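A look at the structure
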Amino acid sequence: MRIAMFSTKPYDRRSFEAVNAGHDILYLEPRLAPETAPLAAGAEAVCVFVNDDVSARVLQVLHAGGTRLVLLRCAGFNNVDLKEAERLGLRVARVPAYSPHAVAEFTIGLLLSLVRGIHRAYQRTRDGNFALEGLLGFDLHGRTAGVIGTGRIGVLVARALAAGFGCRVLAYDIHPDPELQALGVIYTDPRSIAAESDIITLHCPLTPETHHIIRAETLALAKPGLVLVNTSRGGLIDAEAAIEALKTGRLGGLAIDVYEQEADVFFEDLSNEILTDDLLARLLTFPNVLVTGHQAFFTRDALGAIATTTLNNAILIESGRPLGASDVPAPRGP
Ligand code: NAI
């Protein structure tokens, strides 16, 4: 099968070539967008990542060029117009669980770094500054942590916080997990989580219901000094509201691996450019904000699993065999 792979980085090419057994993969650096979609003409499949534009307009161009399959090499599918894909008869497959551990472990890493100022200590000591002033943190043990979304990733984070660190864990999910409840995790509503938590970590998908689940009203309910971590999707947080809450101290720390407007910035080296995103620029000025560039998935294990599952999905579809149920993105998620 000829596959046009968009947003390709050298590490994508290496991981796919390591497992590719016979597909004709065209590695393209540009992001998929209306202007770049014609590059896929003649390819039966396109392979896309989190910030590729798979809107109705793009799907129409792909379809006209002969594409019949969209292979997502990620779990989230908020960037795909599934209804239009269905209307055009385009199949869509994803990689539902390449390594939830990669994301969960990174989330805990961000949380610890933020709460204990490890990111700042790294810079200070390199500059010969061994002072502790400004690095005072707090124990996670005994604190209340709110986990929003307890699917594959959230469940691991909730378990680590409850069983590993001894936090009191509150959770919100439209499908509560009985195993977490058995561990003492208490399911409640988002407002109670906002009001009672010292830490909130986001692991639900981005949908119309969850868009800006953290916004001015939510932050107004929070205890002063709330620490917020987002490794899910940028659109879950209203960044302007977060900035206001950081200015007043209502938000005591923010760690984000994702950002609503990340498509224009993340995955690129812009160190020689002027940053034109004023919200992101403002966020980067706060000492208690830690930003990483959509890196949580980025482990050798995850890249290997992404390549294997993506190409396996192509093989299953090519041979007319059914995909695993969760490999097919459903409009409301699994
Ligand atoms: P999952 O599908 O296993 O779990 C999502 C959970 O959210 C499910 O339990 C579902 O019931 C719940 N949910 C759905 N709608 C909800 C709503 N309206 N309110 C509350 N809960 C809701 O997904 P998984 O694998 O745990 O991934 C979570 C998110 O993490 C993905 O959607 C993706 O956006 C993000 N992600 C980020 C990565 C990164 O590198 N930063 C890598 C992989 C995933």
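Structure: above.
All values reported here derive from a predicted model rather than from experimental measurement.

The rules behind these values
- Residues numbered from 1 in each chain as written.
- Predicted model: local features only at pLDDT ≥ 70, side-chain atom pairs only at ≥ 80, totals over all residues.
- Heavy atoms only, no water.
- Helix = DSSP H or I, 4+ residues; strand = E, 2+ residues; numbered from the N terminus.
- Rg over C-alpha atoms; globule rule 2.2 N^0.38 Å.
- Buried < 20%, exposed > 50% of the residue type's maximum accessible area, 1.4 Å probe, protein only.
- Contact = heavy atoms within 4.5 Å.
- Areas by Shrake-Rupley, 256 points an atom, 1.4 Å probe, with all protein chains shown as cover.
- Lys, Arg positive; Asp, Glu negative; His and termini not counted.
- Charge placed at Lys NZ, Arg CZ, Asp CG, Glu CD.
- Axes fitted to C-alpha atoms, helices over the stretch in contact; angles between N-to-C directions.
- Parallel < 35°, antiparallel > 145°, perpendicular 65-115°, else oblique.
- Left-handed = near helix turned anticlockwise from the far one by under 90°.
- Nonpolar A, V, L, I, M, F, W, Y, C, P; charged D, E, K, R; others polar.
- Near = heavy atom within 4 Å.
- Polar contact = N/O pair within 3.5 Å; in protein donor to acceptor, adjacent residues only side chain to side chain.
- Pairing = 2+ DSSP bridges.
- Right-handed = clockwise from strand over helix to strand, strands pointing away.
- Salt bridge = Lys/Arg side-chain N within 4 Å of Asp/Glu carboxyl O.

A few words now on the overall build of the protein chain. Secondary structure assignment for the protein chain yields twelve helices and twelve strands. The globule rule puts the C-alpha radius of gyration for 334 residues at 20 Å, and the 21 Å found for the protein chain is close to it. In terms of principal-axis extent, the alpha carbons of the protein chain reach across some 60 × 50 × 35 Å. The burial tally for the protein chain puts 51% of its 334 residues in the buried class. Residue pairs at least 24 apart in sequence account for 68% of intrachain contacts in the protein chain once pairs closer than 6 positions are excluded. Working note: accessible area of the protein chain is about 15,900 Å², and carbon and sulfur atoms make up 53% of it. Here the protein chain contributes 30 positively and 38 negatively charged side chains, and the mean placements of these two sets differ by 3 Å.

Attention now moves to the packing of helix α1 (residues 10-19) against helix α12 (residues 300-318). Direction vectors running N to C along α1 and α12 enclose 55°, while the axes themselves pass 9 Å from each other. By the angle between their directions, the pair α1 and α12 is classed as oblique. Seen from above, α1 lies across α12 with right-handed handedness. Each of Y11, S15, F16 and V19 in α1 lies in contact with α12, whose residues at this interface are L303, I306, A307, T308, T310 and L311. By residue class, the composition of the contact of α1 with α12 is seven nonpolar, three polar and no charged.

Every one of the 25 residues lining the ligand counts as a neighbour, but Y98, R152, I153, D173 and T231 are closest to it. Between the ligand and D257, the relevant distance is 3.1 Å, taken from a nitrogen atom to a side-chain nitrogen or oxygen of the residue. Here an oxygen atom of the ligand and a backbone polar atom of F297 are 3.1 Å apart. When the ligand is considered free in solution it has 870 Å² of accessible area, and contact with the protein chains removes 92% of it. Per-class residue counts for the shell around the ligand are eleven nonpolar, nine polar and five charged.

Here L71 is to be found in strand β4 (residues 69-72). What makes L71 buried here is its relative accessible area of 1%. With 22 residues separating them in the primary sequence, L71 and A93 have C-alpha atoms 5.1 Å apart.

A word on the pairing of strand β3 (residues 45-48). Residues A45 and C47 of β3 are buried on one face, and the alternating residues V46 and V48, pointing to the opposite face, are buried as well. Here strand β1 (residues 2-5) pairs with β3 via three bridges, running parallel. Note on β3: the bridge partner recorded for I3 is A45. Of the strand pairs in this sheet, β3 and β4 are connected by four bridges, and their pairing is parallel. Within β4, the position partnered with V48 by the bridge is L72. Taken together, β3, helix α2 (residues 56-64) and β4 constitute a β-α-β crossover, and its handedness is right-handed.

Side chains that carry opposite charge are capable of pairing whenever their charged atoms lie near each other. Tallied over the entire structure, the rule returns nine salt bridges. Two residues, R87 and E84, come together in a salt bridge whose shortest N-O distance is 2.8 Å. Taken as a pair, R87 and E84 lie in helix α3 (residues 82-88) at a separation of three residues, close to a single helical turn. For R87, a relative accessible area of 59% gives the class exposed. Its relative accessible area of 10% is what places E84 among the buried residues. The shortest N-O distance in the salt bridge between R168 and E196 comes to 2.9 Å. Of the two residues, R168 is situated in strand β7 (residues 168-172) and E196 in helix α8 (residues 190-196); the sequence distance between them amounts to 28 residues. Assessed through its relative accessible area of 33%, E196 is described here as partly exposed.

On to the sheet that holds strand β5 (residues 91-93). If you walk across this open sheet you meet the five strands as β2-β1-β3-β4-β5, and the pairing is parallel. Edge positions in the open sheet fall to β2 (24-27) and β5, since each of these has one partner strand only. Each neighbouring strand pair of the sheet contributes to a mean axis angle of 20°, computed without reference to strand direction. Packing against the sheet, α12 makes contact with β1, β2, β3, β4 and β5, and its axis sits at approximately 155° to β4.

A few words now on the side chain of T218. With respect to the helices and strands, the residue T218 is situated in helix α9 (residues 216-221). Judged by relative accessible area, T218 falls into the buried class, the value being 12%. At 3.0 Å, the side chain of T218 and the backbone nitrogen of R215 are in polar contact. Setting aside residues no more than four positions away along its own chain, T218 makes contact with A194 and I213.

Geometric descriptors of this kind do not, in isolation, establish any biological role.
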